[in-house]
Amino acid sequence: MIRQMKGKTPRRPPPKKNSNNQKDPVGVYCRVRPLGAEDEECCIEVISNTTIQLHAPDGLKANRNGEYKETQYSFKKVFGIKTTQMELFEDVAKPLVEDLIHCKNGLLFTYGVTGSGKTFTMTGYPGQGGLLPRSLDMIFNSIGPYQAKRYVFKPDDKNGMEVQNQVDALLDRQKRDSQTTVPKTPTTRRIDPEFADMISPEEACKADGVDEDSSYSVFVSYIEIYNNYIYDLLEETPFDPIKPKWNGAGTPLRSNTEFIPPQSKLLREDQNHNMYVAGCTEVEVKSTEEAFEVFWRGQKKRRIANTQLNRESSRSHSVFIIKLAQAPLDADGDNVLQDKNQVNVSQLCLVDLAGSERTSRTRAEGNRLREAGNINQSLMTLRTCIEVLRENQMCGTNKMVPYRDSKVTHLFKNYFDGEGKVRMVVCVNPKADDYEETLLVMRFAEMTQEVEVARPVDRPICGFAAGRRQRNQAFKEELTRRLDERGGPIDGESPSVFSQLLLSFPALPPCEISGPNDDVTLPRLIEALEKRHKIRQMMVEEYNKTANMLKSVLQEQDGNILSKENVISEQRGKLGEKDKMIQNQKNEIDRLEKKSKMLEYKIDILQKTTNIYEEDKRSLQQELESREHRLQRELSDKRRMETRMQGMVSDAKLKWEKECERRVNAKQLEMQNKLWVKDEKLKQLKAIVTEGKPENRQPQRPSREKDKVPPKRSASPSPVPTVPPVRPLHRRSHSAGGERWVDHKPTTNVELDTVMQPNLPNAIKVSAPSEKALSKCDKYVLTHQEVASDGEIQTKLIKGEVFKTRGGGQAVQFTDIETLKQEIPVPTSRKRRSSGSGSTPEGEPMDGNWTDVETRCSVAVEMRAGSNLGPGYQHHGYQKRRKP
């Protein structure tokens with residue numbers, strides 16, 4: 001009869017949730033593969049053993065500022081192109097294998113762009129074994145001597161584990177041997193060259209602290225997730241000779257060797273709320289070679305399916321699950337303990353995720369496009385779950401994580417809920433063509449590192465005394481030795497203890513029968529044998545008594561040892577609590593130290609910022625002081641310039657006053673000379689008329705005003721002719737007519753002493769226009785003065801017509817502009833000519849005295865404007881005053 005016991009599954013039931021508050025972040029590692037060609041452009045640079053930097057390749061669009069931004073990403077550890085498979089395994093997978101042996105779960109998956117080296121990292125090739133074969137090798141190196149016989153542990157169909165007794169396990173082994181046609185001879189067994197020599201003996205390793213008082217069994221399963229469907233790669237397709245199989249084209253298969261499309265599997269939840277693949281094949285393996293042979297059998301089936309269905313291997317997720325069932329030995333140390341509460345099952349999942357890629361770059365169409373869409377959808381769901389977990393942990397929210405949106409996340413949701421360690425190896429290809437996809441992978445990896453998973457606790461196996469296997473083994477060896485010693489003497493050796501024991505029995509009587517009527521020999525022989533039998537029974541009873549006594553003593557000793565071990569376990573529990581307290585205090589100290597470092601860093605930043613602000617303040621203060629000095633200097637220069645300009649203005653004013661006074665005096669002298677000339681002419685005419693002959697008398701010209709002597713006149717005053725006043729000529733404007741004008745002259749205009757003046761008869765003169773004045777006239781003129789380019793004042797007459805507006809007001813429309821300008825000719829020299837050095841207009845020299853009135857008048861009339869020969873025109877010959 002088979003005694004079935006369901007062992008513990010990887011996750012504890014909900015009522016026994018882990019109360020441990022310690023959490024560990026998801027360990028994210030990065031591995032950079034070498035470039036395919038040396039001349040290929042590289043976009044990734046390894047900065048340190050924890051940091052890489054991404055450079056934007058040539059030809060990529062720049063950001064908004066027109067610059068290419070270089071980004072850095074940090075990981076738990078970065079493995080460069082020279083990293084070996086052994087180094088990667090030591091840091092990434094070896095701790096997970098050790099946890100697996102100590103009843104803890106683990107999840108390891110590779111993530112990256114297609115062609116980044118994920119499969120090489122997970123599987124490797126002969127001589128360069130990856131994480132999967134090295135994990136299997138370490139497991140069997142560690143538990144090899146302690147493995148249970150085949151079929152002692154047997155998986156059920158509900159994610160549980162059954163424990164069979166020795167008889168049922170033996171029957172299953174005999175059944176398996178009878179079904180196997182190939183003889184099990186490992187020495188002559190042919191090894192598949194595809195997985196031969198994956199790991200060299202020098203690189204073999206084993207875990208420490210393996211429980212010797214437990215029995216172990218390893219079960220492996222291999223599944224594939226394609227288009228969000230789960231397929232079992234180890235499932236054996238049964239052949240039915242009556243019911244034909246059908247292929248994908250709808251035609252029956254001709255033989256059992258033809259490809260049969262696999263059937264998809266479903267995800268189920270067991271009684272402990274753990275997810276598993278229902279109906280998945282779990283194969284018990286006893287060595288690394290056998291486990292890897294099962295793996296390659298699934299790989300070959302996967303290749304055949306990809307070839308038949310015309311798909312690529314990178315389009316699906318592959319999951320290799322290693323389950324380790326362990327149970328303690330009984331008190332005798334001989335068989336597995338038949339207690340369901342003492343059976344533990346831990347598992348390690350090695351996941352090779354499909355490559356993430358953009359369909360726009362791969363130009364996929366049809367089924368390939370649908371495959372890429374499903375792959376991207378499952379990876380996007382994984383990213384979404386990571387984002388929600390991160391948000392829940394960092395912000396304290398309780399959002400629902402969408403595990404059920406994808407089979408990958410739904411299958412491994414227990415790990416993210418705290419059922420084991422989670423580690424990810426990000427594989428990147430440094431070539432420039434994968435820059436954008438690699439950038440997305442880096443962002444996802446950076447976000448994944450911020451997710452924390454609860455740390456699993458240690459699960460005790462049993463309370464039996466340690467060393468049961470060793471004591472059982474020692475007892476068997478001693479028993480074997482003693483049984484060997486009980487044999488008879490061999491080759492003249494001294495008799496053994498067993499032989500002496502046989503000699504102590506009564507001697508047998510002669511056994512020869514004299515005839516058929518001999519009734520003595522047989523009864524005597526029977527009596528001797530009965531005596532021996534009684535002696536034997538007595539010895540057996542004595543032996544049993546001694547054995548029972550010894551057994552009771554041993555049990556008492558075991559009880560004492562057990563009680564002591566219980567005390568030790570209690571002390572260890574207390575010690576563990578103390579260790580937890582110490583660890584918590586260390587964590588608190590580490591947190592405070594990190595906080596202190598962060599505050600110191602912030603203080604340094606603030607100090608640097610303060611120094612920068614202080615330097616800016618000093619520079620601005622210096623600049624302000626320099627500007628104030630410059631402003632004071634400019635103000636002093638301005639005051640000095642104002643003083644200088646005031647002096648220059650006063651000097652110019654005094655000079656112009658003197659010049660005006662001189663010009664007025666010259667004008668008066670000119671007018672006096674003109675009057676004198678007219679007076680002399682009148683006198684000469686009068687003398688001619690009265691006397692008939694004028695006196696030959698030389699006229700005298702008065703001198704300057706300062707040395708002028710009043711001339712001697714005759715006693716009788718000379719008659720002064722009545723000369724009418726000279727009225728200046730007025731220049732009429734072209735627009736002067738019969739209309740009435742508004743003559744607008746501003747008060748700021750300067751009165752000019754010119755002959756030509758605008759004359760508007762019957763005009764209304766105003767200094768500012770008004771509506772009343774405009775309503776009475778129909779013409780308007782504005783007298784405007786401005787300085788011309790030569791420095792003289794010119795007058796402009798701006799004329800316009802006045803008309804009424806619709807609102808009842810008056811408006812002016814300008815129609816014409818007239819310009820009035822005065823010009824002064826420039827003389828050749830300002831020097832006045834002396835009276836003694838003159839010349840006639842013909843070029844002959846003349847004396848300083850004037851000859852007669854006619855000559856003088858003719859000379860005065862023929863003089864040109866600006867000449868220095870006559871006093872009447874001297875005021876035209878002055879040059880303009882130069883600016884100082």
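The model shown is predicted, which means the values in this text are computed figures rather than measured ones.

### Some points on the packing of aromatic side chains
The full count for this structure, using the stated rule, is 11 aromatic pairs. Judged by centre distance (5.4 Å) and plane angle (90 degrees), the rings of Phe295 and Phe320 are edge-to-face. Residue Phe295 is found in helix 6 (residues 288-309), and its partner Phe320 is found in strand 18 (residues 317-328); the two are separated by 25 residues along the sequence. Judged by relative accessible area, which is 2%, Phe295 ranks as buried. By relative accessible area, which is 1% here, Phe320 ends up buried. Geometry around Phe444 places Arg383 over its ring, the cationic atom sitting 5.8 Å from the centre.

### Remarks on the environment of Gln813
Checked against the element boundaries, Gln813 lands in strand 26 (residues 810-821). Ignoring sequence-local partners within four residues, the contact set of Gln813 consists of Gly800, Glu801 and Phe803.

### Let's talk about the packing of helix 2 (residues 94-101) against helix 4 (residues 131-143)
The N-to-C vectors of helix 2 and helix 4 enclose an angle of 40 degrees; their axes lie 10 Å apart at closest approach. For the element pair helix 2 / helix 4, the angle class is oblique. Crossing angle aside, the handedness with which helix 2 passes helix 4 is right-handed. Contacts between helix 2 and helix 4 involve Lys94, Val97, Glu98, Leu100 and Ile101 on the former and, on the latter, Ser135, Met138, Ile139 and Ser142. Split by residue class, the contact of helix 2 with helix 4 holds five nonpolar, two polar and two charged.

### Some remarks on helix 2
Counting buried positions over the eight residues of helix 2 gives six, a clear majority of the element. Those residues of helix 2 that fall on the buried side of the exposure criterion are Lys94, Leu96, Val97, Asp99, Leu100 and Ile101. Immediately downstream of helix 2, the backbone of Cys103 shows phi near 65 degrees, a positive value.

### Observations regarding the side chain of Ser316
Tracing the chain through its elements places Ser316 in the loop between helix 6 and strand 18. The exposure class assigned to Ser316 is buried, which follows from its relative accessible area of 2%. At a separation of 2.8 Å, a polar atom in the side chain of Ser316 contacts the side chain of Glu224. In terms of polar contacts, Ser316 uses its side chain to reach the side chain of Arg302, at 3.0 Å.

Analysis parameters
- Residues numbered from 1 in each chain as written.
- Predicted model: local features only at pLDDT ≥ 70, side-chain atom pairs only at ≥ 80, totals over all residues.
- Heavy atoms only, no water.
- Phe/Tyr/Trp six-rings, centres within 6.5 Å; stacked < 30°, edge-to-face > 60°.
- Helix = DSSP H or I, 4+ residues; strand = E, 2+ residues; numbered from the N terminus.
- Buried < 20%, exposed > 50% of the residue type's maximum accessible area, 1.4 Å probe, protein only.
- Lys NZ or Arg CZ within 6 Å of the ring centre and 35° of its normal.
- Contact = heavy atoms within 4.5 Å.
- Axes fitted to C-alpha atoms, helices over the stretch in contact; angles between N-to-C directions.
- Parallel < 35°, antiparallel > 145°, perpendicular 65-115°, else oblique.
- Left-handed = near helix turned anticlockwise from the far one by under 90°.
- Nonpolar A, V, L, I, M, F, W, Y, C, P; charged D, E, K, R; others polar.
- Polar contact = N/O pair within 3.5 Å; in protein donor to acceptor, adjacent residues only side chain to side chain.

None of this, on its own, says anything about what the molecule does.
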